[in-house]
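Survey of secondary and tertiary structure
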Amino acid sequence: MNKTTLKSNFFILLLFGTIIISFFFRFKGITNNHPFWVDEYSSARQARLIQMYGTAVFKSLNKAPLYFENRNITTHFLIAWFFKLFGESEWTARLPIVIIGAIVPAAVMILARRLYGFRVAVLSGLLTTLSYYEITWSRQARGYMIQQLLALLAVFFYLRLRENKNILNLALLTFLIVLGVATHPLFFVLVIAFFIHYIITHRQKEVVAIIKNPLIILSLIFLIGLAYGIGSFSVILKSIGNVNNLWYYHAFFVREYGVLTFLALVGGLMAVFSEFRHKVTSLLVVLYVALHLFFLSFFFGPYISRYINPVFPFILLLASYSIVKISDLFLVSIRQKKYIFYIITPLILVFIIIFDRNKFVTNPKWEYYSVNHDFREIALIDYQRVYEIVKTKGSFKNHQTAIIETWLDRPRWFMGENFSDLYQLTWKDVGLVNGIPVGYESYFYNNEGVKLSKAYPKIGIISETSDLKKAIKKYPRGFIFIDDASLPKDVQEYVDKNLKKELYLDHYPLDDNPYSIWPATLYSWGI
């Protein structure tokens, strides 16, 4: 066995070892079925609808009663498949993301080795495996880790296509792009990065030829149609000229991840502006990260740290390259004599970073990883406890008890799809919460003067006190759950003065960042 084969086999063993360790860090504790947060309820309910109706969900066109979210399609189908295999539960919904999240560090290593060699591959794999941020989002029933994996693979096959323009590489890249866009609209930023990178790094004649290629034209038309179908264009067009979220993401990268940000910036500059033999391919990574962050800051209204997720492994990759180059500065005189230092020195620097502060996990003793670990931006309490009270004290057999909720997927998850005594508490006026547009639901009045949702005609709408009084008059018993202070003030004041307070929660007990800006209260009447 020659030296090259031995190195390849060792690297393959290292990849499998990384996947196993990553899975252990991510899987531990999820079978405790910690309660979902709001978006996870949506994923679980969409997966349930797929279980119930199969591909017929696509025929609904977002109309009642089969509303199917036209984003995160791959996530919903994957969770539905796991529901079929293991039954419906919180941990089952999260399991496929755990598996994908465990593969991501290996994908980072494969791309890093192609770009910068073995040492950077090892360091980036280690950082990705132990990153609190990576572990956390690998345990959520949402598609952010799927998007990460697809982005890493798409970059890998784009680089392969540059070297070998065959139909297989083109087909694989196209397939990954379609899956990525179906997973999340932000994947389009990577497509734009591919396009710009190709123009920058190729001659004008080659660029014109590729643009005129009928297959490329058809692919662009398909992607534009897909973007229109999932609503990407409308979100972006509404945000252009009205967004400046730089302050928010600046806080994330400087206050929370200052060391990694500095290293990634240095690594990116060294890779692109040095005489390094892979500077052209490094340009793609730097371009993608820069475009994504620029898009989030100035073209995408919602400001939430999880939208950084797609480029986070690339930041870890660039930081790892920087660590290797910095360590080499100390080894110029001995690197040829003492090869062991050539390997160990960058590892020592990485471990110094890992043991610094609380951004990495060295011992998977924690069974819970908070989505609010960095920023307090997600409503998170014990929703299971809330619905234990509802189920215990309510009388649902003869439609005697109503539930008024702010997030319809939540009662659907706990009470089932057939629960009909449901109202939605919503905003009366249009506004923004964390940059996300919120506003009243379109409604109509029935013969009794009750507001009903146009999207879901069986669900009542509560947007002012008079709506609430009608619901109380109709149902002898009921619960109203309020978890957002931006909801109609008159309703909140009336509820607080006239209804019974069953439960107040302001954080999840296992959250390591216990202060919450999203306190929630369960009220009742007739109980």
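The preceding data block contains the structure.
Residues numbered from 1 in each chain as written. Predicted model: local features only at pLDDT ≥ 70, side-chain atom pairs only at ≥ 80, totals over all residues. Heavy atoms only, no water.

Section: unusual backbone geometry
Of note, N33 is a non-glycine position whose phi angle comes to about 55°, a positive value. With respect to the secondary-structure elements, N33 resides in the loop between α1 (3-27) and α2 (38-53). Even without glycine at this site, H399 takes up a positive phi of about 55°. In this structure, H399 sits in the loop between α18 (383-393) and β1 (401-405). Judged by its relative accessible area of 45%, H399 is partly exposed. (Helix = DSSP H or I, 4+ residues; strand = E, 2+ residues; numbered from the N terminus. Buried < 20%, exposed > 50% of the residue type's maximum accessible area, 1.4 Å probe, protein only.)

Focus: a nonpolar patch on the surface
Taken together, the side chains of W81, L85 and F86 present a nonpolar region at the surface, about 350 Å² in accessible area. One can find F86 in helix α3 (residues 73-86). The class of F86 is partly exposed, set by a relative accessible area of 46%. (Patch = residues over 30% accessible without salt bridge, like charges linked within 9 Å, V, L, I, M, F, W, Y side chains within 5 Å. Areas by Shrake-Rupley, 256 points an atom, 1.4 Å probe, with all protein chains shown as cover. Salt bridge = Lys/Arg side-chain N within 4 Å of Asp/Glu carboxyl O.)

What about the pattern of salt bridges?
Scanning the model with the defined rule gives 15 salt bridges in all. Between R255 and E256 there is a salt bridge; the shortest N-O distance is 3.0 Å. Residue E256 is classed as buried on the basis of its relative accessible area, which comes to 11%. Between K393 and E502 there is a salt bridge whose closest N-O contact spans 2.7 Å. Taken together, the residues span a long stretch of sequence, with K393 in helix α18 and E502 in strand β9 (residues 500-505) at a distance of 109 residues. According to the relative accessible area criterion, E502 is buried, its value standing at 14%. By sharing partners, the salt bridges in this structure join R45, R48, E88, D409 and E417 into a single network.

Section: the nonpolar core
Membership of the largest hydrophobic core comes to 96 residues, with the highest contact counts inside it found for L111, F187, F194, I308 and F314. Top element by residues in this core is helix α7 (residues 144-163). It accounts for 14 residues. Once residues lying within four places of it in the same chain are set aside, the contact partners of F314 are L111, A151, L152, V155, V285, Y288 and V289. (Core = buried A, V, L, I, M, F, W, Y, C linked by side-chain atoms within 4.5 Å. Contact = heavy atoms within 4.5 Å.)

Brief notes about helix α5 (residues 118-130)
Structurally, the α-helix is built with 3.6 residues per turn, so residues lying three or four positions apart point the same way. The end-to-end C-alpha distance of α5 is 19 Å, a good match for the 18 Å that 13 residues give at a rise of 1.5 Å each. Across the 13 residues of α5, 10 count as buried, placing the element largely inside the fold. Along α5, the positions that sit buried rather than exposed are R119, V120, A121, L123, S124, G125, L127, T128, T129 and L130. (Expected span 1.5 Å × (residues − 1).)

Quick word on the packing of α7 against helix α15 (residues 279-298)
Relative orientation of the contacting elements α7 and α15 amounts to 150°, with a least axis distance of 11 Å. Between α7 and α15, the angle is such that the two are roughly antiparallel. The handedness of the crossing between α7 and α15 comes out as right-handed. Across the interface between the two elements, A151, V155, Y158, L159 and R162 from α7 touch V280, T281, L284 and Y288 from α15. Tallied by class, the residues present in the contact of α7 with α15 amount to seven nonpolar, one polar and one charged. (Axes fitted to C-alpha atoms, helices over the stretch in contact; angles between N-to-C directions. Parallel < 35°, antiparallel > 145°, perpendicular 65-115°, else oblique. Left-handed = near helix turned anticlockwise from the far one by under 90°. Nonpolar A, V, L, I, M, F, W, Y, C, P; charged D, E, K, R; others polar.)

Geometric descriptors of this kind do not, in isolation, establish any biological role.
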